[in-house]
Amino acid sequence: MIVFGLFPLVWAIIESLYKRNAATRKLTFDPAYNWTKAFYDDRIWNAVYNTLIYTGVALFFQLVLGMLIALLLDSDRKGYGVLRALMTLPLVIPPAVTAMMFLMMLNGSFGVIAQGIIALGLLPENFSILGSSNTALAGVLLAEVWQWTPFMVLIMLAGLRSLPKEPFEAAAIDGATPVQAFFKLTLPMMSKVIAIAVLIRGIDLLRAFDYVKVMTDSGPGTATETLSSYAGRIYFGGNPDAPYAATIALITLIIVIVTSSIFMKACKVRL
Amino acid sequence: MSFKEYDKKTYIADLARDFSARRISKRDFMKKVGLAGVGFSAFSAGLLGNTRPFRGTGLVGDAAFAQDAEMTKWLKDVSGPFKGQKIRYTSEATPPTVVLDKLKGEFTEATGIEVEIEIVPLEQVLAKATQDVQGQLGSYDLYYLDQSWVATFSQDTVDPVQYYKDKPDLAMPGFDFDDFSKPLVSGLAEYEGKWVGIPFDIPIFMLMYRQDVLEKHGIKVPTTPEEFTAAIKQITEAEKANGMYGTGLQAKSGHYSLECDWTQMVWNEGGSIFGSDKKFKGNDEAAIRGLQLYQEWVKYAPPESLNSTWDGQFQMMAAGQSAIVQSWDEFFPGLDADDSKVKGLWMPAKPLVGKALRPTSEVGFGEIPNYAHQGGSVLGLSKYSKNVDAAWLFMQWACSKDIMVRCTLGGGFAPMRLSAFNDERVKAKAVVGPGTTRHLDMVQWIIDNNMASEPDMPLWAGFSNNEIPVNLGKLLTGQDFGGDAKKCMDTVAAAIDAAVADAGL
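First things first, this report covers the structure right here in the doc.

Rules used in this analysis
Residues numbered from 1 in each chain as written. Chains lettered and ligands numbered in written order. Predicted model: local features only at pLDDT ≥ 70, side-chain atom pairs only at ≥ 80, totals over all residues. Heavy atoms only, no water. Helix = DSSP H or I, 4+ residues; strand = E, 2+ residues; numbered from the N terminus. Buried < 20%, exposed > 50% of the residue type's maximum accessible area, 1.4 Å probe, protein only. Contact = heavy atoms within 4.5 Å. Lys, Arg positive; Asp, Glu negative; His and termini not counted. Charge placed at Lys NZ, Arg CZ, Asp CG, Glu CD. Buried area = accessible area lost by both parts, 1.4 Å probe. Salt bridge = Lys/Arg side-chain N within 4 Å of Asp/Glu carboxyl O. Polar contact = N/O pair within 3.5 Å; in protein donor to acceptor, adjacent residues only side chain to side chain. Pairing = 2+ DSSP bridges. Phe/Tyr/Trp six-rings, centres within 6.5 Å; stacked < 30°, edge-to-face > 60°. Lys NZ or Arg CZ within 6 Å of the ring centre and 35° of its normal.

Further remarks concern the overall build of chain B. Along chain B, the regular secondary structure elements total 21 helices and 13 strands. Residues counted as buried form 63% of the 505 residues belonging to chain B. Residue pairs at least 24 apart in sequence account for 75% of intrachain contacts in chain B once pairs closer than 6 positions are excluded.

Across its full length, chain A carries 13 helices and two strands. Viewed in the frame of its principal axes, chain A has a C-alpha envelope of about 75 × 50 × 30 Å. In chain A, buried positions account for 51% of the 271 residues. For chain A, the proportion of contacts with a sequence separation of at least 24, taken over those separated by at least 6, is 68%. Separation of charge centres in chain A, based on 20 positive and 16 negative side chains, amounts to 4 Å.

Further remarks concern the interface of chain B and chain A. Counting from both sides, the interface comprises 55 residues of chain B and, opposite them, 59 residues of chain A. Interface area for chain B against chain A, summed over the two sides, is near 4,600 Å², with a carbon-plus-sulfur share of 57%. Where chain B touches chain A, the interface holds two salt bridges. We note a salt bridge from Lys19 of chain A to Asp502 of chain B, for which the minimum N-O separation is 3.1 Å. Here chain B is connected to chain A by 14 residue pairs in polar contact (both at pLDDT 80 or more).

Mapped onto the secondary structure, Lys474 of chain B falls in helix 20 (residues 460-476). Although Lys474 of chain B lies buried, it forms no salt bridge, and the closest oppositely charged side chain, Asp480 of chain B, sits 4.4 Å away as judged by the N-O distance. If we skip the residues at most four places from it in the chain, Lys474 of chain B touches Gly221 and Thr222 of chain A together with Ser253, Gln479, Asp480 and Phe481 of chain B.

Glancing now at the pairing of strand 3 (residues 142-146) of chain B. All names here are of chain B. With five of five residues buried, strand 3 lies mostly within the body of the structure. By the alternation rule, side chains of strand 3 split into Leu142, Tyr144 and Asp146 and Tyr143 and Leu145, which are all buried. Relative to strand 3, strand 1 (residues 86-91) runs parallel, the two being bridged by two bridges. Bridge pairing in strand 3 places Tyr89 opposite Leu142. Bridge count between strand 3 and strand 12 (residues 377-382): five bridges; the pairing is antiparallel.

Moving on, we come to the packing of aromatic side chains. Tallying each qualifying case throughout the model produces 33 aromatic pairs over all chains. Relative to Trp11 of chain A, the ring of Phe7 of chain A lies with its centre 5.8 Å away and its plane at 40°, an arrangement referred to as tilted. With Phe7 of chain A and Trp11 of chain A both in helix 1 (residues 2-15), this residue pair falls four residues apart, about one helical turn. For the pair shown, Phe7 of chain A and Trp11 of chain A are each scored as exposed. Ring geometry for Tyr294 of chain B versus Trp297 of chain B: centroids 6.5 Å apart, planes at 50°, classification tilted. In this pair, Tyr294 of chain B and Trp297 of chain B both sit in helix 12 (residues 285-299), three residues apart, roughly one turn of the helix. Both residues of the pair, Tyr294 of chain B and Trp297 of chain B, belong to the buried class. Ring pairs connect the aromatic residues Trp262, Phe274, Phe280, Phe365, Trp460 and Phe463 of chain B, which therefore count as one cluster. The cationic tip of Arg417 of chain B hangs over the ring face of Phe175 of chain B; the distance from NZ or CZ to the ring centre is 4.8 Å.

Looking now at unusual backbone geometry. All names here are of chain A. The omega torsion of the bond from Gly219 to Pro220 falls at -5°, within 30 degrees of zero and hence cis. Along the chain, Pro220 falls in the loop between helix 11 (210-215) and helix 12 (227-236). Phi angles above zero are rare outside glycine, and Arg25 is one such case at about 65°. Tracing the chain through its elements places Arg25 in the loop between strand 1 (18-20) and strand 2 (27-29). A positive phi is found at Ser218, a non-glycine position, where the angle reads about 80°. Checked against the element boundaries, Ser218 lands in the loop between helix 11 and helix 12.

Encoded structure:
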């Protein structure tokens, strides 16, 4: 706890209180400098916006698709076990490799996904999905949703299989349709499982970095820049301003804590 | 398989279910998920590779590649105290690095010093070097330093010329610092009178064109930006339906490659990045003309150019998607590779000559405006190295006459040493084929006559990797500035001038 949690946190807080001279690399104590700079930095607000959009959209699709697929796979019929096992495959592929795969598949000149979309007439010939500020975030989200929807599926399946059968049998006798049973029984009974799943994925998504770094490097411009990727660029982009990068990391942490606390309170999740 | 049996095999689902049902504690949950994470991370480590468009020639092991006997003897004589030491450095997959990685076994055999070369994309090289010098860790004994970082890292390396004098017992006989091309030394390796490292490779802008395509359309090889624009427009209009565009660009938003393209456009219009007053000049009239012309060029390049670095640009050339490109000379050997679809079709030419260059007396921070952007690198000896003498031996070996020639033969890239350019073995390979050197006469001419260099200043690595390419990306992809080049560069100017003033430069 001290090594992996407390020490880095305290270090980051201390670091954020210093101002770094980019030429001499000297640090001077100036507690308000980085926090004031962050407040007036348009890129931070853009990154906060992108991070929240990224998290919200990814969570929505992963949750909805995860539940739908879990409902489809929730069966003991022959072959379903294999299908469920196959669902785990995307999870064992490293995110960087997934990002590289999608980078190629979204290439406007030869990528299979891009060519498919172009063939449907939805985009013009040779259109660069990741090279356009209007579509780049959607391209990155595609990789994110593809890789992590199975995680939701597995959690939902585990939850579905643990539900008692009696209420469903009673509902069927009373003439409830499958849709009614889903909304009146399944969803309420699964609420805790869903909340845990959303919490775990939500915290992870708020720190989004891998796909953005590999597929767009935060671009075009800052169209896909998240808080983590911006902090990375500040530290690793040539002028390693560690104090400012630490400040951005702390802002990310604050957002994670605040949003997850609100969520846990609203959903009555206790850890 | 029953669901229960299957469920036992789905580790994460099990954990989540148990945790949500409160069958395991939060501590156990986190511990088990953490273990799974370690497993997945380890799996990923082996799957990442390099992306540099270089193709080796398989010459390692040939007679031409035999190590010089005198070199071997000297290495054996001086390396005794360092036997068993291990030195590390990280580099981009540049042609000389890839060949050197193959040859390093000879060094180890002669010295007993192990060499580990981590080959990663350029931005990761920068990240690793940055981390090392920030903490003065000495994790890397040598740094591969791109020319745009030389000033930034100048305080972190040992001056090799001085060290050569200071350590006569470890000085390689006949190393000959004067054999390095003078423009390379001044434009690449020196900062404020100090050699930050030894020149190691020199990608430089050169015009390359598809002779067959130009002949088909009756276009003469362009010599000016205006002729280039007209040519790529004509080719795009005629060939776009066949999947070919006039040119291909390395215009990836936020990437250094875009900044390289931009600087060349600025210089070609008689502009500069900084003025002698140390103010940013990328937003003056000349620079804006250059950027506007680049916006025009984007129309005649595959749209994927906006998401491509030099790797993507090379792929466009190799795949027959572009006909005239002004970019890195080191693409050339790959285009002539045996499995290339365009083998022998590309020709080298002098870079485009734009308006009169802005004199160096009117620019700042040692910038050298000219018609051929150089993207060279140096090998720097880390001040924080724990094996500095072993690393010094390797550095001299890697930059020696013998190794430079053999790296050139192995990869067809432009050597640093004048002796390598004139080596008979190198000249004999100036024919169409893998690892060709048929472009090197042109490259040498460009180095001697047209070589441009970016500013030498400690903040440049950041500006060239962040402020400039990020805002250029916003402009080119329409995220911001409404296509207004002036508005874009005014934003950059404000940020850069403030940072320069803040740093007290």
